[in-house]
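Structural overview
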Amino acid sequence: MAFSMAWAEDAAENGTGHGRVVHDQARGRLAGFRRELYHCLDRRADALFELADALLCRQDRVHMVAELSLEPECRRRYGAVYDALNCGQVRIGRLRRALAGLGLPRWDDGRIQLAVDVSNWLRPGAETSPERLFCHCYARGKGGKQMIPGWPYSFIAALEPGRSSWTLPLDAVRLGPADDLTEVTAAQVRGVVERIVQAGQWSEGDPDIRLVFDSGYDLTRLAWLLAGLPVEVLGRLRSDRVMYFPAPPRTSGRGRNGKPPRHGPEFRFDGKTPWPEPAVTASTWTTRYGDAEARAWPRLHQRLARQRQWLDHPGPLPVIEGTVIRLQVEHLPGDRSPEPLWLWTTAITASADALDRAWQAFLRRFDIEHTFRFLKQVLGWTRPKLRDPAAADRWTWLIIAAYAQLYLARTLTADLRLPWQQPCPPGRLTPARVRRGFRNLHRTMPVLASAPKPGKPGPGRPPGSKNRHPATRHDVGKAARREDASETTPKQAG
């Protein structure tokens, strides 16, 4: 928090000029974040910090943690590196505040866009690793959906305006066997938004922070749990959903059982019943999808039932209204007749401009897939064969901290492209190219980690002796789920 405020003061004193002043400001932000990162590391701080530097300065993809000890930036041996991951400590709360204090990208309307998604660390053969779940994965061929054991992580990242391969991860939470995805996501989003407000990134009068979700999330439940926060929920719905308009005004007659109706006419996405005229319509020409037509129907809600998450809700179930958006594009890459895309947002899109920004924000959600691919394929996020989930969490946060340094160094590194690569325009370097030039920038940064002390490894287990303490095997899967109300409540006659 303190170093983020110092950056703002430096920017105010130096102005918003270009050239050397902007370069010094960017360099000061990177150096300040590196100092804060070092203070976020408690036990084995020097080894963890040098491990992150070796992760950034390596010129090739990371295949295993041990090979990072061969980099000149890591002065510890591979044993100390693994010991740091297994026995070290990262102050996650302080690191989260440091990430929230970075300059978040803003869109042309001044809004902050956050994407929420789950990425899996697959561990199919780790029978001794606890807290694994069956992760939903896609594969090629017929029946490409698979369930593979692993550790699912929920990420929240800030999106950039326009087509970009950059996002800024702000938080990551590992989902456990007894966790509920909706409740964990709501608590995670609430923490991120509160830290953004505390860091001065959002103030009264600014547009609400937009949260973009893909299909698979309970948007109605999330909107209910996030009530009171300056956020707007936007997500995708299946094409077979049914929503309802507001209930008509009560007349002199009484409804069934003497109660006024709570739901109006139904709105079927499949079109089996005629749709009413949309309140807002917008048509935009795009170079990638051709003509994109969006139509919006406001004040539509989901009909809730007392099952699962709403089983213990006190009083009558709420009616949470939002706007349904139907997006139809002319063509997709490789698909000449695409299906329409259905979105639901808690905001009331009263203009065509707001409608266009809503569906364009959802399309920018897929930029987080570039970040996941870079974390896994280049930085080697899922490469280490760690047994303890706590060690996996430390490695995950080191990966996030390393990516944040690349994000801050976008304008500080040179384009060291390979002979067969095309040059990138200024300010458009990809994360891989920034990492390729980070070693030259790292040499100009202050040395924070202390030199390693000479040590002697322990004797270990005598050769030929058997392991008398085998590791415990753990089952895979979620805890027992509570039965639905429809299964526990007997049906009434008639």
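Residues numbered from 1 in each chain as written. Predicted model: local features only at pLDDT ≥ 70, side-chain atom pairs only at ≥ 80, totals over all residues. Heavy atoms only, no water.

1. Topic: the overall build of the protein
Of the regular secondary structure elements, the protein holds 13 helices and 12 strands. By the burial criterion, 46% of the 494 residues in the protein qualify as buried. Working note: accessible area of the protein is about 26,000 Å², and carbon and sulfur atoms make up 51% of it. (Helix = DSSP H or I, 4+ residues; strand = E, 2+ residues; numbered from the N terminus. Buried < 20%, exposed > 50% of the residue type's maximum accessible area, 1.4 Å probe, protein only. Areas by Shrake-Rupley, 256 points an atom, 1.4 Å probe, with all protein chains shown as cover.)

2. Considering the nonpolar core
Ranked by size, the top nonpolar core spans 123 residues in total, and within it Leu114, Leu170, Ile196, Ile209 and Trp395 carry the most contacts. Apart from the residues lying within four places of it in its own chain, the contact partners of isoleucine 209 are Ile112, Leu114, Val193, Ile196, Trp202, Pro230, Val231 and Glu232. (Core = buried A, V, L, I, M, F, W, Y, C linked by side-chain atoms within 4.5 Å. Contact = heavy atoms within 4.5 Å.)

3. Quick look at helix α4 (residues 78-87)
Every buried residue of α4 is accounted for by Val81, Ala84 and Leu85. The buried residues of α4 occupy an angular sector of 95 degrees when the element is viewed end-on, so they sit on one face. For α4, the secondary structure elements touched by its buried residues are α3 (45-57) and α10 (389-408). (Arc of directions from axis to C-beta.)

4. Concerning the packing of helix α9 (residues 367-377) against α10
Remark: α9 packs on α10, axes separated minimally by 11 Å, with the N-to-C direction vectors making an angle of 115 degrees. With respect to each other, α9 and α10 are oriented roughly perpendicular. The handedness of the crossing between α9 and α10 is right-handed. Between α9 and α10, the contacting residues are Thr371, Phe374 and Leu375 on the first element and Ile399, Tyr403 and Leu406 on the second. Looking at the contact of α9 with α10 residue by residue, the class counts come to 5 nonpolar, 1 polar and no charged. (Axes fitted to C-alpha atoms, helices over the stretch in contact; angles between N-to-C directions. Parallel < 35°, antiparallel > 145°, perpendicular 65-115°, else oblique. Left-handed = near helix turned anticlockwise from the far one by under 90°. Nonpolar A, V, L, I, M, F, W, Y, C, P; charged D, E, K, R; others polar.)

5. Overview of the layout of surface pockets
In this structure, the second largest pocket occupies an estimated 1,400 Å³ of space. Surrounding the second largest pocket, 44 residues form its lining, Gly162, Arg163, Ser164, Arg364 and Asp367 being those nearest its centre. At 5 residues, the largest contribution of residues to the lining of the second largest pocket is made by helix α8 (residues 352-363). Across the lining of the second largest pocket, the residue classes break down as 20 nonpolar, 11 polar and 13 charged. (1 Å grid on protein atoms, 1.4 Å probe; cavity = no way out; pocket = protein on both sides within 12 Å on 5 of 7 lines; lining within 4 Å. Points joined across faces, edges and corners; volume = space filled by probe spheres on them.)

6. Some points on the pairing of strand β1 (residues 113-122)
For β1, the buried fraction is high: 8 of the 10 residues fall into the buried class. With 4 bridges joining them, β1 and strand β5 (residues 209-213) adopt parallel strand pairing. Bridge pairing in β5 links glutamine 113 to arginine 210. Pairing analysis gives 9 bridges linking β1 to strand β3 (residues 145-159), with the strands arranged antiparallel. If you follow valine 116 over to β3, its bridge partner there is isoleucine 156. (Pairing = 2+ DSSP bridges.)

7. Focus on the packing of aromatic side chains
Centre distance and the angle of the planes are the two values used to describe a pair of aromatic rings. Enumeration over the complete set of coordinates arrives at 21 aromatic pairs. Among the aromatic residues, ring-to-ring pairing joins Trp121, Trp151, Tyr153, Phe155, Phe372 and Trp381 into one connected group. Its guanidinium or amino end placed over the ring of tryptophan 310, arginine 221 lies 4.8 Å from that ring's centre, counting from NZ or CZ. (Phe/Tyr/Trp six-rings, centres within 6.5 Å; stacked < 30°, edge-to-face > 60°. Lys NZ or Arg CZ within 6 Å of the ring centre and 35° of its normal.)

8. Some points on α9
Those residues of α9 that fall on the buried side of the exposure criterion are Asp367, Ile368, Thr371, Phe372, Phe374 and Leu375. Taken down its axis, α9 places every buried residue within 165 degrees of arc, on the same side. On the buried face of α9, the contacting elements are β1, β3, β4 (167-174), α10 and α11 (431-436).

9. Considering the confidence of the model for the protein
Of all residues in the protein, 90% attain a pLDDT of 70 or more, and the chain-wide mean is 87. Here residues 1-16 is a poorly scored stretch, pLDDT under 50, and it has 18 contacts once near neighbours within four places are set aside; other chains count. Here residues 480-494 is modelled with pLDDT under 50, and outside its nearest four sequence neighbours on either side it reaches 12 contacts, counting other chains as well. (pLDDT = per-residue confidence, 0-100.)

10. A few points about the packing of α3 against α10
Contact geometry of α3 with α10 gives a least axis separation of 10 Å together with a crossing angle of 55 degrees. By the angle between their directions, the pair α3 and α10 is classed as oblique. Considering only the axes of α3 and α10, their crossing is right-handed. Where α3 approaches α10, its residues Leu48, Leu51, Ala52, Asp53, Leu55 and Leu56 are matched on the opposing element by Trp395, Leu398, Ile399, Ala402, Gln405 and Leu406. Within the contact of α3 with α10, the residues separate by chemical class into 10 nonpolar, 1 polar and 1 charged.

11. Considerations on unusual backbone geometry
A positive phi angle, close to 55 degrees, is found at arginine 44, a residue other than glycine. Residue placement: arginine 44 occurs in the loop between α2 (20-40) and α3. Positioned with a positive phi, glutamate 131 is a non-glycine residue whose angle comes to about 60 degrees. Along the chain, glutamate 131 falls in the loop between β1 and β2 (133-138).

12. Overview of the side chain of threonine 345
Among the secondary structure elements, threonine 345 is positioned in strand β12 (residues 341-345). On the accessibility criterion, threonine 345 (0% relative accessible area) is buried. A polar contact of 2.9 Å, which involves the side chain of threonine 345, links it to the side chain of glutamate 232. A polar contact is formed between the side chain of threonine 345 and the backbone nitrogen of alanine 347, at a distance of 3.2 Å. Contacts of threonine 345, omitting those with residues within four sequence positions, involve Glu232, Val233, Leu234, Gly322, Thr323 and Ile325. (Polar contact = N/O pair within 3.5 Å; in protein donor to acceptor, adjacent residues only side chain to side chain.)

13. Here we look at the pattern of salt bridges
Enumeration over the complete set of coordinates arrives at 34 salt bridges. In this structure, the salt-bridge partner of arginine 111 is aspartate 109, at a minimum N-O distance of 3.4 Å. According to the relative accessible area criterion, arginine 111 is buried, its value standing at 13%. Judged by its relative accessible area of 21%, aspartate 109 is partly exposed. The salt bridge partner of arginine 174 is glutamate 131, with a shortest N-O separation of 2.5 Å. Of the two residues, arginine 174 sits in strand β4 while glutamate 131 sits in the loop between β1 and β2, which places them 43 residues apart along the sequence. The exposure class of arginine 174 is buried, given its relative accessible area of 18%. Among the charged side chains, a salt-bridge network with shared partners connects Asp108, Asp109, Arg111, Arg210, Glu232, Asp353 and Arg357. (Salt bridge = Lys/Arg side-chain N within 4 Å of Asp/Glu carboxyl O.)

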